[in-house]
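Observations on the model geometry
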Number of protein chains: 2
Amino acid sequence: MEYAIGIDLGSTNFRVGVVSSDGVLHEKYMEEVGANRDAEDIAHFLFLHIKRLLEAWPDVIGVGIGIPGIVNKEKGIVHQAPHYPKWHDVKFKELLNEQFNVPVIIDNDANMIALGEGMLGAAKDLDNFLMITLGTGVGGGLFLNGKILHGDTGFAGEIGHMIVEFDGPPCNCGGRGCWEMYVSATGLKHMVEISDEPHKDKFLKSINDDYHKVTPALLFDHARDGDIFASVIWKKFGTYLGVGIASLVNTFGVFNIVIGGGVSKAWDYFIKPAENELKKRTYKHTGNLVKLHPAVLEHDAGVFGSARAVLQPECD
Amino acid sequence: MEYAIGIDLGSTNFRVGVVSSDGVLHEKYMEEVGANRDAEDIAHFLFLHIKRLLEAWPDVIGVGIGIPGIVNKEKGIVHQAPHYPKWHDVKFKELLNEQFNVPVIIDNDANMIALGEGMLGAAKDLDNFLMITLGTGVGGGLFLNGKILHGDTGFAGEIGHMIVEFDGPPCNCGGRGCWEMYVSATGLKHMVEISDEPHKDKFLKSINDDYHKVTPALLFDHARDGDIFASVIWKKFGTYLGVGIASLVNTFGVFNIVIGGGVSKAWDYFIKPAENELKKRTYKHTGNLVKLHPAVLEHDAGVFGSARAVLQPECD
């Protein structure tokens, strides 16, 4: 049996576990990271945790770390990380690698989540699937022919920046009408702001006209409580989700799509419109083959996947 | 030295050649195919040519055939082919394979063109590139980690059906606002039809108000002769080309894009707007890394690529 440490470095939380090659999670815990920290600072924080775990688990053969940002896995560089704005082309792997006798692998967090769902979750035993994480933004992990696609420099999977509306709202990537401006927390907020739906007044009253209060969780609660406006927004969310998935299906010819991330909790409110739109936007034969799977491993997916990058390096 | 027969079955023309593993094209010719023929009919037509070439070139180790349609390479099935409307889930490989002592490989024509450009053309020695063919429709060949991506059933590469305009014009796939409705011969015609550009009147006069006359070649000639309206249409074409390429770059993280197909002859009239739009629609760092290459092998790309699928099977 082989063991690996899997780490999911989030924007606010850090999750770590020891995973064995039979897919068992032996030890797992979570800590708050704190925002906007230097790379050296985070590296030292990780160093202390890894050191302790390596002492407790001497059979560990390596460490995998999922990082929310644009990661060049091969070179071990984090080009940028939206939640760590100070990081620019940081040689993150170097900061850690020298301190241990086992190798360290870093990769984009959505790639690690895809590896996790493919190991034990919604995409178990599939050779081809696309992982979509719906959160503050949109993340993508593209698992093709049994392996994560990285592209030329690790930039692959920025699927939130597919353009779905030529003249849509400006996006922080510099473009307009990116998919992320609809199917993320950012997108939900924007769709609420620009909506002229008649039931919006009642909704706005309930939040004291404070748009800052608009979160996926609030819209989920309102929809569940029967608020019509919130349901309309989730329906629009689902429609745009279907449009983007249609683009992905037509491009990759991959029919299994796994959807995770915090925003996907509202599954019941957006999945039907997504499926309907997807069918409208693909050849009939194709649309009928597509399956949208909810992710199942939740917060453990990144830990499992990061460990898998070590245990099954041919997959990453 | 190994030899293979490469065949490019087009909508109206058929091209065939014998290629050796050092990349030399030994014999090549072209014939008209005639439209709307049965699969059995075309298979017999190909059989006669292949038989003759196999007798003349006894060292040939296999036959590769590029077919304009949705091809399941593994199963040897052509699911559909827009220019051969009678073909539905045709077991095309079976129709040929049994008649020869050497294996036959069939694949989508854009995949074969990509293999050709990667062997000897614009993408020589690249491990990652995307081939875009701009013709009646839009074709795509996705070469990733040294291999064509086929997806689950050979459907990968239908990039003309990425959605770039949520509420755009209806497309024959059943959707709306597909990329193909802008950056193809079909798209050019549609953009001319809906344009309200002031110089349109003069242009229309020159074609006697007959929209049937609007072809890429006509728009190319008009632009070259200084017609302002034609230039505006090519600029719009380029802008949409840039939008779709941005979606592809953000998704695949691949920076080398090869553009071919008949419509790409108007390169000088659309490439600057395409590059400008692409840079607007990607992260600055990324946009600067992208290179748009004109295809160089023209009509030979499919012949070379189909032969390469035989000579270097690990690439297809």
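Before reading on, note that the structure itself is shown above.
What you are looking at is a predicted structure, and each value in this text was computed from that prediction instead of being measured.

This part is about the overall build of chain A. If you tally the helices and strands in chain A, you get ten helices and 13 strands. Taken against the 2.2 N^0.38 rule, which gives 20 Å for 316 residues, the C-alpha radius of gyration of chain A at 20 Å falls within 12% of a compact globule. Expressed as lengths along the three principal axes of its C-alpha atoms, the size of chain A is roughly 60 × 45 × 35 Å. For chain A, with 316 residues in total, the buried portion stands at 62%. For chain A, the proportion of contacts with a sequence separation of at least 24, taken over those separated by at least 6, is 62%. As displayed, chain A has an accessible area near 12700 Å², and 50% of this comes from carbon and sulfur atoms. For chain A, the distance from the average site of its 29 positive side-chain charges to the average site of its 41 negative ones is 5 Å.

Here we come to the sheet that holds strand 6 (residues 77-80) of chain B. Pairing between the strands of a sheet comes from backbone hydrogen bonds, and it takes one of two forms, parallel or antiparallel. Residue and element names in this part refer to chain B. Taken in spatial order, the three strands of this open sheet run 5-6-7, and their pairing is antiparallel. Each of the sheet's edge strands pairs with one partner strand only, and the pair in question is strand 5 (70-72) and strand 7 (88-90). The sheet shows a mean angle of 20° between the axes of neighbouring strands, direction not considered. Pairing between strand 5 and strand 6: three bridges, direction antiparallel. Each bridged residue has a counterpart across the sheet, and for valine 71 the counterpart in strand 6 is valine 78.

This brings us to the relation of the copies chain B and chain A. Taken together, a rotation about one axis and a shift along it account for how the two chain copies relate. Expressed as a screw operation, the relation of chain B to chain A combines 0.0 Å of axial shift with a rotation of 180°, fitting to an RMSD of 0.0 Å. Such a combination of rotation and displacement between the chain copies is what one expects of a two-fold axis. Looking at chain B, 100% of its interface residues are interface residues in chain A too, so the copies touch through the same face.

Residues and elements named next belong to chain A. With antiparallel pairing between neighbouring strands as the criterion, strand 5 (residues 70-72) and strand 6 (residues 77-80) make up a hairpin whose turn holds four residues, including glycine 76 at a positive phi of roughly 70°. Pairing of strand 6 with strand 7 (residues 88-90) involves two bridges; the strand directions are antiparallel. Across the sheet, valine 78 pairs through a bridge with valine 90, a residue of strand 7.

Following the criterion strictly, the structure yields 26 salt bridges over all chains and no others. When the shortest N-O distance is used, the salt bridge between A:Arg224 and A:Asp225 registers 3.6 Å. A salt bridge links B:Glu27 to B:Arg52; the shortest N-O distance between them is 3.3 Å. Taken together, the residues B:Glu27 in strand 3 (residues 25-32) and B:Arg52 in helix 1 (residues 39-56) connect sequence positions 25 residues apart. B:Glu27 gets classed as partly exposed once you look at its relative accessible area, which sits at 25%. For B:Arg52, a relative accessible area of 39% translates into the label partly exposed. Taken together, the shared-partner salt bridges connect A:Asp221, A:Arg224 and A:Asp225 into one network.

Residues and elements named next belong to chain A. Even without being a glycine, aspartate 89 presents a positive backbone phi close to 50°. On the secondary structure map, aspartate 89 appears in strand 7. By relative accessible area, aspartate 89 is classed as partly exposed at 46%. The phi dihedral of asparagine 208 is positive, around 55°, even though this residue is not glycine. Examined against the element boundaries, asparagine 208 turns out to sit in the loop between helix 5 (200-206) and helix 6 (216-224). A residue is classified by how much of its surface remains accessible, and asparagine 208, at 60% relative accessible area, is exposed.

Turning our eyes to something else, we now look at the sheet that holds strand 13 (residues 291-294) of chain B. Residues and elements named next belong to chain B. If you walk across this open sheet you meet the five strands as 11-10-9-12-13, and the pairing is mixed. A single partner strand is all that each edge strand has here, and the edge strands are strand 11 (147-148) and strand 13. Across six bridges, strand 9 (residues 129-134) lies against strand 10 (residues 138-144) in antiparallel orientation. Counterpart to threonine 133 in the pairing with strand 10 is glycine 139. Sitting on the sheet, helix 8 (residues 267-280) touches strand 9, strand 12 (256-260) and strand 13, and the angle it makes with strand 13 is about 165°.

Moving on: the interface of chain B and chain A. Each partner contributes to the interface: chain B provides 45 residues, whereas chain A provides 45 residues. Carbon and sulfur atoms supply 55% of the area buried between chain B and chain A, which totals about 4000 Å² over both sides. The interface formed by chain B and chain A holds zero salt bridges in total. Our count for the chain B to chain A interface comes out at 24 residue pairs in polar contact (both at pLDDT 80 or more). Looking at the side of chain B that touches chain A, the elements with two or more residues in it are strand 10 and helix 7 (228-252) of chain B. Here the side of chain B that touches chain A gets ten residues from one element, more than from any other, and that element is helix 7 of chain B.

Before going further, it helps to examine the nonpolar core. Counting 118 residues, the largest nonpolar core has A:Leu134, A:Trp179, A:Ile245, B:Leu134, B:Trp179 and B:Ile245 as its most contacted members. Among all residues touching A:Leu134, those that are not within four sequence positions of it are A:Val183, A:Phe237, A:Leu241, A:Ile259, A:Gly260, A:Gly261, A:Gly262, A:Val263, A:Ser264 and A:Phe270.

On to the pairing of strand 12 of chain B. All names here are of chain B. Here strand 12 lies mainly inside the structure; five of its five residues are buried. Both faces of strand 12 are covered, namely the face carrying Asn256, Val258 and Gly260 and the face carrying Ile257 and Ile259. As paired strands, strand 9 and strand 12 are joined by four bridges and run parallel to one another. Counted as the bridge partner of leucine 130 is isoleucine 257 from strand 12. In this sheet, strand 13 lies alongside strand 12 in parallel orientation, the contact comprising four bridges. Within strand 13, the position partnered with isoleucine 259 by the bridge is proline 294.

We now examine the packing of aromatic side chains. One pass over the structure, following the stated rule, counts 33 aromatic pairs over all chains. Between A:Tyr84 and A:Trp87, the ring centres sit 4.7 Å apart and the planes meet at 25°, which makes this aromatic pair stacked. Grouping residues by exposure puts A:Tyr84 and A:Trp87 together as buried. Judged by centre distance (5.8 Å) and plane angle (40°), the rings of B:Tyr3 and B:Trp57 are tilted. With B:Tyr3 in strand 1 (residues 3-9) and B:Trp57 in the loop between helix 1 and strand 4 (60-67), this residue pair connects regions lying 54 residues apart in the sequence. Judged by its relative accessible area of 17%, B:Tyr3 is buried. Taken together, A:Trp234, A:Phe237, A:Trp267 and A:Phe270 form an aromatic cluster joined through their ring pairs. The ring of B:Phe45 carries B:Arg37 above its face, with NZ or CZ at 5.3 Å from the centroid.

So, how was this worked out
Residues numbered from 1 in each chain as written. Chains lettered and ligands numbered in written order. Predicted model: local features only at pLDDT ≥ 70, side-chain atom pairs only at ≥ 80, totals over all residues. Heavy atoms only, no water. Helix = DSSP H or I, 4+ residues; strand = E, 2+ residues; numbered from the N terminus. Rg over C-alpha atoms; globule rule 2.2 N^0.38 Å. Buried < 20%, exposed > 50% of the residue type's maximum accessible area, 1.4 Å probe, protein only. Contact = heavy atoms within 4.5 Å. Areas by Shrake-Rupley, 256 points an atom, 1.4 Å probe, with all protein chains shown as cover. Lys, Arg positive; Asp, Glu negative; His and termini not counted. Charge placed at Lys NZ, Arg CZ, Asp CG, Glu CD. Pairing = 2+ DSSP bridges. Axes fitted to C-alpha atoms, helices over the stretch in contact; angles between N-to-C directions. Least-squares fit on C-alpha atoms with pLDDT ≥ 70 in both. Salt bridge = Lys/Arg side-chain N within 4 Å of Asp/Glu carboxyl O. Buried area = accessible area lost by both parts, 1.4 Å probe. Polar contact = N/O pair within 3.5 Å; in protein donor to acceptor, adjacent residues only side chain to side chain. Core = buried A, V, L, I, M, F, W, Y, C linked by side-chain atoms within 4.5 Å. Phe/Tyr/Trp six-rings, centres within 6.5 Å; stacked < 30°, edge-to-face > 60°. Lys NZ or Arg CZ within 6 Å of the ring centre and 35° of its normal.

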